[in-house]
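Observations on the three-dimensional arrangement
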Amino acid sequence: MSELYHARLRLPFLTVMLRPLFAVIAAATLLPVGYAVLWSGFGTGTPGLLSSEPSLRWYQAFLASEEWRAATWSSVSFALVAALLAALTGVLVSYTSRLDDGRLRSIYAFIALLTSAFPMLLFALALRVSASRAGFDPTLSVIIGQWAIIFPFTYFIFEAASDAAARPALWSSFVLGVSVSNTLYRIYLPLIASALAATAAIAFLTSWDDAIMPVVIFDTAPETLSKRLWNLLNSDLYPYPAVVGTLFYVLFPGTLMLTLLLVRRLMRAGSVRARQSS
Amino acid sequence: MILTLWRLAPLVMVLLFLIGPIFVWAEFIAALPSAAWDFTGATIVDVTLTSFFYSASVALAVLAIAIVTAVLWLLEGGVGRAVIVAVMGFAMVSGLLVRNYSWIALFSSKLATEHLPLLYTPGAVVLVMTLVLAPLAFFIVREALKNIPVQAIQAAKTLGVSDFRILVFLCLRSSRRWITLSGLLTFCSSMAYFITPRMIGGQQDYFIGNLIVISVERSGNLLTASALALVLLLSLMPILALIVLVAPKQRRQRVSL
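Within each chain, residues carry numbers counting from 1 in the order of the written sequence. Note on labels: chains are lettered from A, ligands numbered from 1, in written order. The model is predicted, so local features are restricted to residues of pLDDT at least 70 and side-chain atom pairs to those at 80 or more, both for listing and for counting; the totals for chains, interfaces and linings are taken over all residues.

Focus: the overall build of chain B
What counts here: Secondary structure follows DSSP: runs of H or I at least 4 residues long count as helices, runs of E at least 2 residues long count as strands, and numbering of each begins at the N terminus. In this scheme the burial state of a residue depends on its C-beta neighbours within 10 Å: 20 or more other such atoms mean buried, 12 or fewer mean exposed, and anything in between means partly exposed; the C-beta positions come from the backbone. Any residue pair is listed as a contact if its two C-beta atoms, each placed from the backbone, are within 7 Å.
Each helix and strand in chain B was counted, giving 12 helices and 0 strands. For chain B, the N- to C-terminal ordering of α and β elements is α-α-α-α-α-α-α-α-α-α-α-α. The principal-axis extent of the C-alpha atoms belonging to chain B is close to 70 × 70 × 30 Å. Going through the 257 residues of chain B one by one, you find that 42% of them count as buried. Within chain B, counting contacts between residues at least 6 apart in sequence, those at least 24 apart form 76% of the total.

Brief notes about the overall build of chain A
In terms of helices and strands, chain A carries 12 helices and 0 strands. Along its sequence from the N terminus, chain A presents helices and strands in the succession α-α-α-α-α-α-α-α-α-α-α-α. Expressed as a percentage of its 278 residues, the buried residues of chain A come to 44%. Sequence-distant contacts in chain A: of pairs separated by 6 or more residues, those separated by 24 or more amount to 77%.

Examining the packing of helix α9 (residues 176–191) of chain B against helix α12 (residues 222–246) of chain B
A packed helix pair is summarised by two numbers, namely the angle formed by the two axes and the spacing between the axes. All names here are of chain B. Note the threshold: Note on geometry: axes are lines fitted to C-alpha atoms, helical ones only across the stretch in contact, with angles between N-to-C directions running from 0 to 180 degrees. Each angle receives one of four descriptions, namely roughly parallel if under 35 degrees, roughly antiparallel if over 145, roughly perpendicular if within 65 to 115, and oblique otherwise. Left-handed describes a crossing whose near helix is turned anticlockwise from the far helix by less than a right angle; the clockwise case is right-handed. Residues are sorted three ways: Asp, Glu, Lys and Arg are charged, Ala, Val, Leu, Ile, Met, Phe, Trp, Tyr, Cys and Pro are nonpolar, and all the rest, Gly among them, are polar.
Between α9 and α12, the shortest axis-to-axis distance is 10 Å and the interhelical angle comes to 165°. One way to sum up the angle between α9 and α12 is to call them roughly antiparallel. Crossing of α9 against α12: the hand is left-handed. Counted together, R177, T180, L181, L184, L185, F187, C188 and M191 of α9 and L232, L236, I239, L242, I243 and V246 of α12 form the full contact between these two elements. Tallied by class, residues from the contact of α9 with α12 come to 12 nonpolar, 1 polar and 1 charged.

Some remarks on the interface of chain A and chain B
Between chain A and chain B, the contact holds 82 residues from the first and 80 residues from the second. For the side of chain A that touches chain B, the element with the highest residue contribution is helix α2 (residues 12–42) of chain A, accounting for 16 residues. Broken down by class, the residue content of the side of chain A that touches chain B amounts to 56 nonpolar, 14 polar and 12 charged.

Focus: the nonpolar core
For the record, the criterion: Here, a nonpolar core denotes buried Ala, Val, Leu, Ile, Met, Phe, Trp, Tyr and Cys residues that are linked to one another through C-beta atoms within 7 Å.
Core analysis: the largest hydrophobic core is formed by 155 residues, its most contacted members being A:A82, A:L121, A:A124, A:L125, A:V216 and B:I212. Of all the elements, helix α6 (residues 122–146) of chain B adds the most residues to this core, at 15 residues. When residues no more than four places from it in sequence are discounted, the contact partners of A:L125 are A:V216, B:W25, B:I212, B:A225, B:S226 and B:A229.

Describing the packing of helix α11 (residues 208–219) of chain B against α12(B)
All names here are of chain B. For the pair α11 and α12, interaxial distance at closest approach is 8 Å and the crossing angle is 165°. On the basis of their axis angle, the class for α11 and α12 is roughly antiparallel. Read as a crossing pair, α11 and α12 show a hand that is left-handed. The segment α11 lies against α12, with I208, L211, I212, S215 and V216 engaging L222, T224, A225, L228, A229, V231 and L232. Across the contact of α11 with α12, the residue classes break down as 10 nonpolar, 2 polar and no charged.

Looking at α11(B)
Inclusion rule: To estimate how far a helix should extend, the number of its residues minus one is multiplied by 1.5 Å.
End to end, α11(B) covers 17 Å across 12 residues, agreeing with the expected 16 Å (1.5 Å per residue, within 8%). Summarising the contacts, the buried residues of α11(B) are in contact with α6 (120–134) and α10 (212–217) of chain A together with α2 (44–75), α10 (195–201) and α12 of chain B. Where α11(B) terminates, the next one or two residues include B:G220, which has phi positive at roughly 60°.

A few points about the environment of A:Y95
All names here are of chain A. Here Y95 is to be found in helix α4 (residues 66–97). The sequence separation of Y95 and W73 amounts to 22 residues, and the corresponding C-alpha distance is 33 Å. Excluding anything up to four places from it in sequence, Y95 contacts L184 and Y188.

With respect to helix α3 (residues 78–92) of chain B
Test applied: Working note: the arc is built from the helix axis to C-beta atom directions.
Given a rise of 1.5 Å per residue, 15 residues ought to cover 21 Å, and the 21 Å separating the end C-alpha atoms of α3(B) matches this to within 8%. Within α3(B) the residues assigned to the buried category are B:I84, B:V87, B:M88, B:A91 and B:M92. Each buried residue of α3(B) sits inside an arc of 135° when the element is viewed along its axis, so together they form one side. Opposite the packed face of α3(B), turned more than 90 degrees from it, sit the exposed residues B:G78, B:V79, B:A82 and B:A86. The secondary structure elements touched by the buried residues of α3(B) are α2 of chain A together with α2 and α6 of chain B.

A short note on unusual backbone geometry
In this model, B:Y120 sits at a positive phi of 65°, which is unusual for a non-glycine residue. The partly exposed category is assigned to B:Y120, around which 15 C-beta atoms lie within 10 Å.

Concerning the environment of A:R69
All names here are of chain A. Positionally, R69 belongs in helix α4. A residue is classified by how many C-beta atoms lie within 10 Å of it, and R69, with 12 of them, is exposed. Counting along the chain gives 155 residues from R69 to T224, while the straight-line C-alpha distance between them is 9.8 Å.

So, the confidence of the model for chain B
Residues and elements named next belong to chain B. The following threshold applies: Residue-level confidence of the predictor is summarised by pLDDT, bounded by 0 at the bottom and 100 at the top.
Of the residues in chain B, 93% have a pLDDT of 70 or more, and the chain-wide mean is 86. Predicted confidence in chain B is weakest over helix α1 (residues 2–30), with a mean pLDDT of 84, and strongest over α2, with 93. Segment residues 252–257: pLDDT under 50, and 13 contacts once partners within four positions in sequence are set aside and those in other chains are kept.

Some details on the environment of A:S194
Residues and elements named next belong to chain A. Note on placement: S194 falls in helix α9 (residues 193–207). By the C-beta count within 10 Å, which is 14 here, S194 ends up partly exposed. Linking S194 and A61, residues 133 residues apart in sequence, is a C-alpha distance of 39 Å.

Some details on the confidence of the model for chain A
The pLDDT averaged across chain A works out to 83; a share of 88% of its residues lies at or above 70. In this model, residues 273–278 of chain A is a region of pLDDT below 50 whose contacts with residues beyond four sequence positions or in other chains number 1 contact.

In structure tokens:
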């Protein structure tokens, strides 16, 4: 701790100069979020015009609508599957790359880098063409697309999480003759439990309202929340996007905490607790 | 044998999911008829150049925000750091479409239309895209600053180097690859953007991504969309090559079995 203290840079003048700048950036970044909350309660049929009395009528209309409910269900289902797939591939990719001499890590790093740089609009188009040519369900394409969007994040989160802790622990386990699958379950998974929870939560949160894949891949049904929101552009703008946003802002901390708790509990169930002696 | 399968199974899966569709698409593009290249409306060169200009503006603005925020993160203590990370983290996952609709409503308000009529202008598109893409760039730059060895800073301090010089010549200088990488990634994302340009920019086609989506959405014309996408991909090739060159290399670690 004292080592970190002595390494901290002390530039009070620059800090004081940068704080107002950050305040402006933060205000501009959070302004639409705050406005969405206001708009959902005070919104009228005219964009930009707020009523003087708050009401829940847009929430009631949203919850009463069969189409909105079905779209929400589709979005949540896709996001859950994509998040599970992302977590699974993240674990397998990071674990197997640690069983190798470094070549696999380089290959995965290269793939993750190219995926993060490659325009996802083009990948969505490629998925749509593949689905129509190979004849498989567009739903599968959307899930693969959402997984591809998350894959680089997943990879880099797991890399950051397992860099420090995993190597000596895995090495010890293999030296003691523990099998590859047992090491994965009892050593590696508990070590990266936090990263796994973070990945699953981030994957879910970035997938549920992804617009690129549904807009490009789906022609008609199933209508996801993002596709339905996107289609609102061609009609009168009622505060439904604000209602969706506000519900999400309420559910966001809950989702995060629940995933964190759930994954940690699951991981601890099969873990061999290691005590770090310093 | 089993170990080899263990090692390679995820790689095969990743390649199948990521490269498979690209191969099928490449085969589709190779057989494109000449009619697919008959673009109507704005000339494709004009739109590509416009996209390039606006994307470069967005990338520069995003870099400025990311550097300012990451440097402040480096200088702040525990609470300040937590606030910065919370704001940027929340902004990153807080629903792109919802935020864009909120901006439409904000720009449509009486106050904005009277004093700052930005809606359906390129300025509004650049502003909103910058605010949308800045958090990701911030996290990349922050990661670089976080990984600067404590010993290097301590050594510089012991040698009597001022804190400002440490910030500029040690911290920012050693993070320059990551800073460049975040700028290039932002540029690539911006070039193919279609959501904010369509929503905030209105019907005007500032970005090539909009033309691609219009081809797919309105007429289901995958041929023209693919031809446009190929133009976009070719224009991005030098940037993609630069990203591969600039990217910090992986350190090799070995676990013996």
